Amino acid sequence: MNEPQQTNFFLPVLLIALALVVWFGFQASQLNQERAQLASLRSNQDSTYTNAQKMRAQLDSLAAGTQKLAGAGNRNAQTVVNALQQRGITINAEAKPAQAQ
């Protein structure tokens, strides 16, 4: 009279598998959205980075010109170069400008 009841594991395993598929799909979509946002942020910074490189090249050119004037004996240029050296800034008049990456 006591018949063992047959247990059916199909439904719980199916629900767990479905939950995992939904969870992994959700995570994949979130990561894809974050990747798109990071790409957008990077593209927005490209123009700022380019402008900063141009300004750096102009500053390096100006500093190199001042260094050359100081080497030629210009007192005002020597004062500027000495003030920069006191602040720990060295000028290399022979340096080539940095290449854009």
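The text that follows walks through the structure, step by step, so that each part is easy to find.

A count of helical and extended segments in the protein gives 2 helices and 0 strands. Within the structure as shown, the protein displays about 9500 Å² of accessible surface, and the carbon and sulfur contribution to it stands at 58%.

Now for helix H1 (residues 10–71). Between its terminal C-alpha atoms H1 stretches 87 Å, which fits the 92 Å expected from 62 residues at 1.5 Å a residue. Every buried residue of H1 is accounted for by Ala-64, Thr-66 and Ala-70. Looking at the buried positions of H1, the neighbouring elements they touch are helix H2 (75–86).

Moving on to the side chain of Thr-66. The residue Thr-66 is located in helix H1 in this model. Residue Thr-66 is classed as buried on the basis of its relative accessible area, which comes to 18%. Every residue in contact with Thr-66, bar those within four places of it in the chain, is listed here: Ala-77, Val-80 and Val-81.

Turning our attention to the packing of H1 against H2. Running from N to C, H1 and H2 cross one another at 120°; their axes reach a closest spacing of 7 Å. Considered as vectors, H1 and H2 are oriented oblique to each other. Here H1 runs over H2; the crossing is left-handed. Contacts from Thr-66, Gln-67, Leu-69 and Ala-70 of H1 reach H2 at Ala-77, Gln-78, Val-80 and Val-81. Class assignment of the residues belonging to the contact of H1 with H2 gives a composition of 5 nonpolar, 3 polar and no charged.

Right, let's talk about the packing of aromatic side chains for a bit. Counted by the stated rule, this structure contains 1 aromatic pair. For the ring pair Trp-23 and Phe-26, a centre distance of 5.9 Å and an interplane angle of 40° mean the geometry is tilted. Here Trp-23 and its partner Phe-26 are both found in helix H1, 3 residues apart, which amounts to about one turn of the helix. For Phe-26, a relative accessible area of 41% corresponds to the partly exposed category.

The next point concerns the environment of Val-81. Structurally, Val-81 can be placed in helix H2. Residues Val-81 and Ile-91, spaced 10 residues apart in sequence, show a C-alpha to C-alpha distance of 7.9 Å. The residues touching Val-81, leaving out its near neighbours within four places in the chain, are Thr-66, Gln-67, Ala-70 and Ile-91.

Quick notes on the rules
- Residues numbered from 1 in each chain as written.
- Predicted model: local features only at pLDDT ≥ 70, side-chain atom pairs only at ≥ 80, totals over all residues.
- Heavy atoms only, no water.
- Helix = DSSP H or I, 4+ residues; strand = E, 2+ residues; numbered from the N terminus.
- Areas by Shrake-Rupley, 256 points an atom, 1.4 Å probe, with all protein chains shown as cover.
- Expected span 1.5 Å × (residues − 1).
- Buried < 20%, exposed > 50% of the residue type's maximum accessible area, 1.4 Å probe, protein only.
- Contact = heavy atoms within 4.5 Å.
- Axes fitted to C-alpha atoms, helices over the stretch in contact; angles between N-to-C directions.
- Parallel < 35°, antiparallel > 145°, perpendicular 65-115°, else oblique.
- Left-handed = near helix turned anticlockwise from the far one by under 90°.
- Nonpolar A, V, L, I, M, F, W, Y, C, P; charged D, E, K, R; others polar.
- Phe/Tyr/Trp six-rings, centres within 6.5 Å; stacked < 30°, edge-to-face > 60°.

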